[in-house]
Amino acid sequence: MFDWNRSCSYDEQQKRRFHTIARSRLKKLAAELALPQRSFDLRSNKAGIAVSGEITLHHDRAYIQVGQFGLSSGQGILIRSCKGRKDYTGGANHFVALGMLEDIPALAAAVRAITGVGRDTSRSSERRAA
């Protein structure tokens, strides 16, 4: 389990791991949301040495950004709706804990609730079973 709350400031090795693992988790999130491969961009901005930078999954209707910008509050995942991949301001900001990167189904549920993006696979399997 990765320590999402260990600061990346002035720690190049931690920042590299933070970006690598967050990027991997956002790919898993895209798969969990059943996003077609070409329907989103995945970007990483390492920024300066004093900050974590950010990793962004930008879909046509959802903007999800991971960073340590809310480290003191533990809130480091920004989720908001958007209108295309050129929309960088989008809808209202919603924040969830960085630790949700350890529970991709829960994070996907939060993304669906906030943005309406992605199918709910648990409901789909319940319908098939009925």
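A. Looking closely at unusual backbone geometry. You will see that tyrosine 10, though not glycine, has its phi angle at about 60°, which is positive. Here tyrosine 10 is to be found in the segment before helix H1 (12-32). Notably, alanine 34 is not glycine yet its phi reads approximately 60°, a positive angle. Structurally, alanine 34 can be placed in the loop between H1 and strand S1 (40-45).

B. Just H1, in detail. In a regular helix each residue adds 1.5 Å, so 21 residues correspond to 30 Å; H1 covers 30 Å between its end C-alpha atoms and thus fits that length. Along its buried surface, H1 packs onto S1, strand S2 (54-59), strand S3 (62-67) and helix H2 (104-115). Alanine 34 lies just past H1 and shows a positive phi near 60°.

C. Looking closely at the nonpolar core. The biggest cluster of nonpolar side chains holds 29 residues, and the ones touching the most others in it are Leu29, Ile64 and Ile77. Counting residues per element, the ones that place at least two in this core are H1, S1, S2, S3, strand S4 (75-81) and H2. The greatest single-element share of this core, amounting to 6 residues, is contributed by H1. Residues in contact with leucine 29, not counting those within four places in the same chain, are Ile64, Ile104, Leu107, Ala108 and Val111.

D. The pattern of salt bridges, seen in detail. Scanning the entire structure with this criterion turns up 5 salt bridges. One salt bridge connects aspartate 41 with arginine 43, and the closest N-O pair in it is separated by 3.9 Å. As a salt-bridge pair, arginine 85 and aspartate 41 come within 3.1 Å of each other at their nearest N and O atoms. Here aspartate 41 lies in strand S1 and arginine 85 lies in the loop between S4 and strand S5 (94-97), a separation of 44 residues in the sequence. Overall, arginine 85 belongs to the partly exposed group, its relative accessible area being 24%. One salt-bridge network, in which partners are shared between bridges, spans Asp41, Arg43, Asp60 and Arg85.

Quick notes on the rules
Residues numbered from 1 in each chain as written. Predicted model: local features only at pLDDT ≥ 70, side-chain atom pairs only at ≥ 80, totals over all residues. Heavy atoms only, no water. Helix = DSSP H or I, 4+ residues; strand = E, 2+ residues; numbered from the N terminus. Expected span 1.5 Å × (residues − 1). Contact = heavy atoms within 4.5 Å. Core = buried A, V, L, I, M, F, W, Y, C linked by side-chain atoms within 4.5 Å. Buried < 20%, exposed > 50% of the residue type's maximum accessible area, 1.4 Å probe, protein only. Salt bridge = Lys/Arg side-chain N within 4 Å of Asp/Glu carboxyl O.

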